[in-house]
Amino acid sequence: MKILITILLSATVLFAAAQDNGRAKITALVNSNQQAAENATVELRKAKDSSLVKIALTDKSGAAVFEHIRFDQYIIKVSGVNFVPQYSKAFVLSADLQLPAMNLQPAATQLSGVTVSSRKPFIQKLSDRIVVNVENSIVSAGSSAMDVLERSPGVNVDQNDNITLRGKSGVIVMVDGKPTPMTGSDLANYLKGLPSSAIERIDIITNPSAKYDAAGNSGIIDIRMKKDQRLGVNGTFTTGYGQGVYPKANIGSTFNYRNKKVNIFGNYNYAYRIGLNHLLLDRNFYENGTYNGGDLKDNYSKSPVSSNTARLGMDFFPSKKTIIGFVVNGNFNHYTRDNDNSSIVLNPQKQATSTFRSYATNNDHANNSVANINFKHRFDSTGKELTADADYGVYNSTSLTVNATSYYKLDGTLLQPAYILDGDQNGKLSFKTAKVDYVNPLSKGSKWETGLKTSYVSSDNDAKFFDVSNGTPQNDVNKTNHFLYKEYNNAGYINFSKEFKQFDVQLGLRGEHTKISTEQKVGNVKFDSSYFQLFPSAFFNYKLKEDQTLGLSVSRRIDRPGYSQLNPFLFLIDVTTYATGNTYLLPQLTWSYELSYTLKNLNFSVSYSHTKDDQNITLARFKEVFPNIPSADNVTVQIPINLKSSDYFGLSLSTPIKITKWWNMVNNGNIYYQKYNGNFSGTTLNNGKPAADIRTNNTFTFKKGWTAELNANLNTGGQYGFMVLDPQWGIATGVQKLILKNKGTLRFNITDIFWTNLPKAVITYNNYVEKWHAYRETRVANLTFSYRFGNNKVQAARRRTTASEEERQRAGN
């Protein structure tokens, strides 16, 4: 580790010593009403094609400074809320330059009542990420975070609400830069209860640098919540109603108070949604290649979710260079479920022999709280700064379940006594994390960054199950369990970057040490593990021409199991289907490579990744823990395992097109092939299937405050381990009108108009084939209203990325 860091530091000195001529500084001055305009947005653009070079905010003197700018011809654009954008004349940069002052004019003084506005597209492709601008999307109004994710480029959600990115699992989902510790159904319920009105944008990062936690082999999805950016007292109010098969409603508000010494901010959102999951299954069992029976299942689940989400924070500015702040986030969900499952049992001749019907209910509560304190100090105007964060979070959950199954002959008479199982489950997950980051710019466009992070996570899950078939509760020793989990993680990283005249480079190295201990109270089974891994990364960009850039990146990442995936509890789905975790599940390691090419606004990238694990895990170990697993015919157990390896090949493209002055189109496509290699339950896996995910987003801007959207998506299916998905597609549209002097916004949309964006797949093993088709509420009509109040003067808000990023996410896998 010391040798590698020494090499990087040596490289820092060598790069810093390199000569990089042909750069200078630009100072732009902005006035308003004959006074210096503070916090105006100043954009430096190429004169040739108006492409954006850099962006800055003016200080108290009305000055914005751009340093280390290459010699070329540029223009300046100046803008602000309620001001008409202004453009400078083209100028040539050949030495340090101070431009004449530019004057901002209030929008109210425009001739003929013309309103000048700038609206970000729903999808933006940046150099290192894809940005989904949720607050600017008409179609996303009234939706949940899960709905928006499903409509995002490269993101897919399966029938069990598992999220994949560009065909790969292992996605890290963050909220404001912090991974949520919820996993599985808890994460899904949180995302379903989080209204889109509380979200500003979603960042999709497919190849993060060493500064990020090494977790997540397919990338990061970062959900950024709204935070007001204006001086004085201001905020927003939003409410909406949606109707699919069942109703949905939401209401929320944000508030913000900011002056020169303090910024107090917060929000509250309430959402109530009734979800639908109608799952049809055709299960087929085989023995030595011969059909040996099966069943047909019709599973109808109705799931009301009520969610309360609150956020409160404050930033204190003791000096111009120092910020001290805290943020408290709370999320309180109540989830209930009514599930009706009808099954027809088939014999080896595929004839019906009997039926059974299961009725299951859930009454779940999840109360999650996270507190963060943070510090930021800027040493000088060059960008040298120190940031620190400390987080403490507690996630509490309770679940009361009832599962009652009745068995019938074909004539409707009882076949055998009913089986009734009651469950009482309690879980607590807590985490403590701290991190510190330091950025030190060097001369000639060089910069190095370093940081440390430490975290401790503990999980306590106690599940009690009782067989009440005879009227008297009897402890079910085969399902009752108590599982404890502890994890310590310490990490450090160093990044170095350098800009040359024609290219720029970034090198990084991250080291992480992880120690895990588990204890299963039933059977007194304990497991301990400890490992250290290095995660190098490198990014290189070469400017072929003024409007053409070639990029290359490589990184190594790790995908650790979610806490619930390690939990060995045996959960009853119905009397023939069980689910469990795997204490012996190992992390998987991935090398990712990406080559990109940018031509003006067109972006192309080719990617390859190899994921490998050294050990296969089968059900044999699970049976050592639960030797009395039900052994009746045609019983399946869902369990996460490690495959030997997988290889991913991908081609991505993003093509923004301006059709007319009032019609803008953004097209995104991902074509990929993923090959899996492994063995499970006697089935060898050594194949893959090509797939494509294509999306188009169209925005239309009309007169008198009217705008509209028309979006479409197509996914050709693909292979995910032993499962092959069928194609699916959808079309959504919406319209928006500005009202109440442009402070109010009224939106109406319909998602998945033809109700075709529904998953369907086949799962194949040597001795088992399952076909399933899920019907969910992808088609919903939404009507929303939002109102902005308070001062409109722009003030840049600070975005916090806190210490508990990975921990909060893995609790949600």
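Residues numbered from 1 in each chain as written. Predicted model: local features only at pLDDT ≥ 70, side-chain atom pairs only at ≥ 80, totals over all residues. Heavy atoms only, no water.

### Considering the overall build of the protein chain
Then, number 1: Within the protein chain one finds 5 helices and 49 strands.
Then, number 2: Considering the protein chain as a whole, with its 813 residues, one finds that 51% of them fall into the buried category.
Then, number 3: For the protein chain, contacts bridging at least 24 residues in sequence account for 68% of all contacts bridging at least 6.
Then, number 4: A total accessible area of about 36,000 Å² is found for the protein chain, and carbon and sulfur atoms account for 57% of it. (Helix = DSSP H or I, 4+ residues; strand = E, 2+ residues; numbered from the N terminus. Buried < 20%, exposed > 50% of the residue type's maximum accessible area, 1.4 Å probe, protein only. Contact = heavy atoms within 4.5 Å. Areas by Shrake-Rupley, 256 points an atom, 1.4 Å probe, with all protein chains shown as cover.)

### Side note on a nonpolar patch on the surface
Then, number 1: Residues Phe540, Tyr542, Leu544, Leu550, Leu552, Leu595, Val606, Leu651 and Ile671 make up a contiguous nonpolar surface patch of about 730 Å² in total accessible area.
Then, number 2: At the level of secondary structure, the elements contributing two or more residues to the nonpolar patch comprise strand 32 (525-545) and strand 33 (548-559).
Then, number 3: Of the residues forming the nonpolar patch, the biggest block, 3 residues, is contributed by strand 32.
Then, number 4: For Leu552, the location among the structural elements is in strand 33. (Patch = residues over 30% accessible without salt bridge, like charges linked within 9 Å, V, L, I, M, F, W, Y side chains within 5 Å. Salt bridge = Lys/Arg side-chain N within 4 Å of Asp/Glu carboxyl O.)

### Considerations on the environment of Gly423
Then, number 1: With respect to the secondary-structure elements, Gly423 resides in strand 27 (residues 414-441).
Then, number 2: For Gly423, a relative accessible area of 7% corresponds to the buried category.
Then, number 3: Among all residues touching Gly423, those that are not within four sequence positions of it are Ser399, Leu400, Thr401, Lys464 and Phe465.

### A word on the pairing of strand 49 (residues 780-790)
Then, number 1: Alignment of strand 20 (residues 232-243) against strand 49, held across 10 bridges, turns out to be antiparallel. What sits directly across from Asn234, in strand 49, is Gly790.
Then, number 2: The pairing of strand 46 (residues 744-751) with strand 49 spans 8 bridges and is antiparallel. Residue pairing in the sheet places Ile750 in a bridge with Ala781 of strand 49. (Pairing = 2+ DSSP bridges.)

### A few points about the pattern of salt bridges
Then, number 1: What the rule picks out here adds up to 19 salt bridges.
Then, number 2: One salt bridge connects Asp203 with Arg201, and the closest N-O pair in it is separated by 3.0 Å. For the pair shown, Asp203 and Arg201 are each scored as buried.
Then, number 3: Through salt bridges with shared partners, one network takes in Arg283, Asp295, Lys297 and Asp574.

### As for the nonpolar core
Then, number 1: Formed by 27 residues in total, the largest nonpolar core has its most connected members in Tyr419, Leu429, Phe431, Tyr485 and Tyr578.
Then, number 2: Looking at this core, the elements that each hand over two or more residues are strand 25 (352-378), strand 26 (385-408), strand 27, strand 28 (446-467), strand 30 (481-499), strand 32 and strand 34 (570-574).
Then, number 3: If you tally residues by element for this core, the top one is strand 27, at 4 residues.
Then, number 4: Listed in part, the 22 residues of the second largest apolar core include Val132, Ile221, Ile223 and Met225. (Core = buried A, V, L, I, M, F, W, Y, C linked by side-chain atoms within 4.5 Å.)

### Quick look at unusual backbone geometry
Then, number 1: Despite not being glycine, Asn742 shows a phi value in the positive range, around 65°.
Then, number 2: Tracing the sequence through the fold places Asn742 in the loop between strand 45 (728-739) and strand 46.
Then, number 3: Within the chain, Asp752 stands out as a residue other than glycine whose phi angle is a positive 45°.
Then, number 4: Residue position: Asp752 is located in the loop between strand 46 and strand 47 (760-764).
Then, number 5: Here Asp752 falls in the buried class, since its relative accessible area comes to 5%.

### Considering the sheet that holds strand 34
Then, number 1: Taken together, 3 strands build an open sheet; the order of strands is 34-35-38 and the sheet is mixed. Of all strands in the sheet, those with a lone pairing partner are strand 34 and strand 38 (636-638), marking the two edges. Recorded for the sheet is a direction-independent mean angle of 30° between the axes of neighbouring strands.
Then, number 2: Of the pairings in the sheet, the one linking strand 35 (residues 577-580) to strand 38 comprises 3 bridges and is parallel in character. (Axes fitted to C-alpha atoms, helices over the stretch in contact; angles between N-to-C directions.)

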